[in-house]
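Summary of the model geometry
This is what each chain is made of:
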Amino acid sequence: MVSRYLHMFARWGRMFWGSSYYHLPQGLGKLFVPNKVEGYFNDLTAKTKWEGPTDENNIPINRIEDGSLVYFATTIVQKGLGHWDKWLLSQNLKEKESFLSVCDWLVKNQDEEGGWPIWPQVGLSLSSPYSAMTQGEGISALVRAWSVTGDEIYLVSAQKALAPILRLIEEGGVARKVPEGIILEEVPSSHLSGILNGWIFALFGLYDFLIVEEISDVRKVMEQTLQTLVAYLPRYNAGYWSFYDLQENLASPFYHRLHIAQIEALGLAFPEYSEVFSRYHQEFGQQLLSWTNRTRAVIVKAWQKLKNPPEVLLR
C-alpha cells in the first residue's frame, strides 16, 4: 500500500509539471473532418513520444506496478493514432510505417472474440476482459489502415472488434443496458461505472466504422448509446467541474480538458445534437477558466484519490 501511494504521488508530480506521458494534452484533432476517415477526433500526436521499452517493431511495452512488462493495447493503439495524425500533418513515411506497425500488431493480437483483453494483463478480474475504449480506438485505427492500404485484413479485423461492443457485459462484452439505453463501459464491472472519456472513445470507433461500412446492428447500437450519452450528460456536471464517471469521482484537470475536447468533436460529428454538446462544451470550458473552480477540483480530486487509490498503475 505504501508503494502504491508513493507511485501515485510521483505520478501526480509528473502530471502537475506536465511531464506525464499519460496526461499530455489531447485537444480537438488538428485534421478531424466529420464523416470522413481523415484526422482522428482528438490530437494524440503527443502519444508518439513514448520513452519506455519497446520491441523490435517499436511497439511500446508497459511496466506495471510489480515491475512486470506487458503489451497494453490501449497504450499501443493510442500511439498508433498519434502516428496517423503526424503522418497526415507531415507526410513523413516513417510516421505511416509506425502507424501500420501498430495496426499489424492489433490484427495479430486480436483474440477469437474480436477483442484485445487488457484487464487480465494487469491483474484485474472484471466482468469482461475488454474495454470499450480500447475496442473503439482499435476500430478507428484499423479503419484508417484499410483506407490508406486497401488491405481487407484491416477492415475484417475492425469488424471483428465490434463484437465485444455489441455484447452486453453479462455476455462478456462491454455494453451495459440501462433504462435510457446503452452505456459503453471502459471498465466493465458488476456495477455501473460510466467513465465518460472511455465511453466517448468507444462511440468514436462505431462512428468511424459506419463511415466505411453500413451494418444495421452497429448503427442501432451507436444511435442508442449516443442518445443515452445525451441523456446522461447532466449527471457528469458537478456544477463547478466535470465528473470522471457516474460514481461522482471528479475529473482531474487533464480529464476535464479531455472532456471539453471530446464534446467539441461530438458536436461536429453529430450536428443533430449540436445544441446539447455546445452547451456542455461551453459550460465545462467556462468552469476551466475559473481559478476557484480549478483549485476546488484539485483539492476534491486529491481527497478522492487518497481515499480510494487506483488498483493499477501503469508506468
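The present account deals with the structure reproduced in this document. What you see is a predicted model, and the numbers here were worked out from it, not measured in a lab. (Residues numbered from 1 in each chain as written. Predicted model: local features only at pLDDT ≥ 70, side-chain atom pairs only at ≥ 80, totals over all residues. Heavy atoms only, no water.)

**A few points about the overall build of the chain**
Counted only if it meets this: Numbered from the N terminus, helices here are DSSP runs of H or I no shorter than four residues, and strands are runs of E no shorter than two. We compute the radius of gyration over the C-alpha atoms and compare it with the globule rule, which gives 2.2 Å times the number of residues raised to the power 0.38. Two residues form a contact once any of their heavy atoms are found within 4.5 Å. Neither His nor the chain ends contribute to the count of charged residues, in which Lys and Arg are positive and Asp and Glu negative. The atom standing in for a charge is NZ when the residue is Lys, CZ when it is Arg, CG when it is Asp and CD when it is Glu.
Along the chain, the regular secondary structure elements total ten helices and four strands. Whereas a compact globule of 315 residues would reach a radius of gyration of roughly 20 Å, the chain reaches 18 Å, a difference of no more than 12%. With the principal axes as the frame, the chain shows a C-alpha extent of 50 × 45 × 40 Å. Residue pairs at least 24 apart in sequence account for 64% of intrachain contacts in the chain once pairs closer than 6 positions are excluded. Counting 29 positive and 34 negative side-chain charges, the chain places the averaged centre of each group 8 Å from the other.

**Here's the deal with the pairing of strand β4 (residues 181-184)**
Spelled out, the test is: For two strands to be treated as a pair, DSSP must find no fewer than two bridges joining them.
With four bridges joining them, strand β3 (residues 175-178) and β4 adopt antiparallel strand pairing. In the sheet register, R176 faces β4, and the bridge partner there is I183. A loop of two residues connects β3 with β4, the two strands running antiparallel in sequence.

**As for the nonpolar core**
Quick reminder of the rule: Side-chain atoms within 4.5 Å link the members of a nonpolar core, which is a set of buried Ala, Val, Leu, Ile, Met, Phe, Trp, Tyr and Cys residues. With a 1.4 Å probe rolled over the protein chains alone, any residue whose accessible area is under 20% of its type maximum counts as buried; one over 50% counts as exposed, and the rest are partly exposed.
Counting residues in hydrophobic clusters, the biggest one holds 92 residues, and the most contacted among them are L184 and F270. If you tally residues by element for this core, the top one is helix α6 (residues 196-212), at eleven residues. Apart from residues lying up to four places away in sequence, L184 is in contact with A132, I165, V174, A175, W199, A202, L203, L206 and T225.

**Some remarks on helix α7 (residues 216-232)**
Counted only if it meets this: One less than the residue count of a helix, multiplied by 1.5 Å, gives the span that helix is expected to have.
In this model, α7 (17 residues) spans 24 Å end to end at C-alpha, consistent with the 24 Å of a helix rising 1.5 Å per residue. Of all the positions in α7, only V218, V221, M222, T225, L226, T228, L229, V230 and Y232 are classed as buried.

**Some thoughts on the pattern of salt bridges**
Definition in use: Salt bridges, as used here, are contacts in which a Lys or Arg side-chain nitrogen is within 4 Å of a carboxyl oxygen on Asp or Glu.
Enumeration over the complete set of coordinates arrives at six salt bridges. Note that D43 and K30 form a salt bridge whose closest N and O atoms lie 2.4 Å from each other. Here K30 lies in the loop between α1 (2-16) and β1 (62-63) and D43 lies in the loop between α1 and β1, a separation of 13 residues in the sequence. Overall, the relative accessible area of 54% leaves K30 in the exposed class. E113 serves as the salt-bridge partner of R167, at 3.7 Å between the closest nitrogen and oxygen.

**Remarks on the packing of helix α3 (residues 93-108) against helix α4 (residues 132-149)**
Applied cut-off: Between N-to-C directions, angles cover 0 to 180 degrees, with each direction set by a line fitted to C-alpha atoms, over the stretch in contact for helices. An angle below 35 degrees is read as roughly parallel, one above 145 as roughly antiparallel, one from 65 to 115 as roughly perpendicular, and any other as oblique. Crossing handedness follows the turn of the near helix against the far one: under a right angle anticlockwise gives a left-handed crossing, and clockwise gives a right-handed one. In this classification, the charged set is Asp, Glu, Lys and Arg, the nonpolar set is Ala, Val, Leu, Ile, Met, Phe, Trp, Tyr, Cys and Pro, and all remaining amino acids, among them Gly, are polar.
Relative to each other, α3 and α4 sit at 120°, their axes nearing to 10 Å. Classified by the angle between their axes, α3 and α4 sit oblique to one another. Regarding α3 and α4, the two cross each other, and that crossing is left-handed. In this structure, α3 contributes K96, F99, L100, C103, L106 and V107 to the contact, and α4 contributes G138, A141, L142, R144, A145, V148 and T149. Across the contact of α3 with α4, the residue classes tally to nine nonpolar, two polar and two charged.

**A few points about the environment of K220**
Residue position: K220 is located in helix α7. By relative accessible area, which is 51% here, K220 ends up exposed. Taking C-alpha positions, K220 is 26 Å from L126, a pair spaced 94 residues apart along the chain.

**A short note on unusual backbone geometry**
In this structure, N58 is a non-glycine residue whose phi angle is positive, near 65°. Mapping N58 onto the fold places it in the loop between α1 and β1.

**Details of the packing of aromatic side chains**
To be explicit about the condition: Side-chain rings of Phe, Tyr and Trp (the six-membered ring for Trp) are treated as a pair once their centres are within 6.5 Å; stacked means planes under 30 degrees apart, edge-to-face means over 60, and tilted covers the remaining angles. Put simply, a charge is over a ring when the Lys NZ or the Arg CZ is close to the ring centre, within 6 Å, and near the line of the ring normal, within 35 degrees.
For the structure shown, the criterion picks out 19 aromatic pairs. Plain terms: the ring middles of F41 and Y207 are 5.7 Å apart, the flat faces sit at 70° to each other, and that makes the pair edge-to-face. Of this pair, F41 sits in the loop between α1 and β1 while Y207 is found in helix α6, placing the two residues 166 residues apart along the sequence. Residue F41 is classed as buried on the basis of its relative accessible area, which comes to 0%. Looking at K47, its charged tip hangs above the ring of Y21, at a distance of 4.9 Å from the centre. Here the basic side chain of R296 rests over the ring of Y240, its NZ or CZ set 3.7 Å away from the ring centre.

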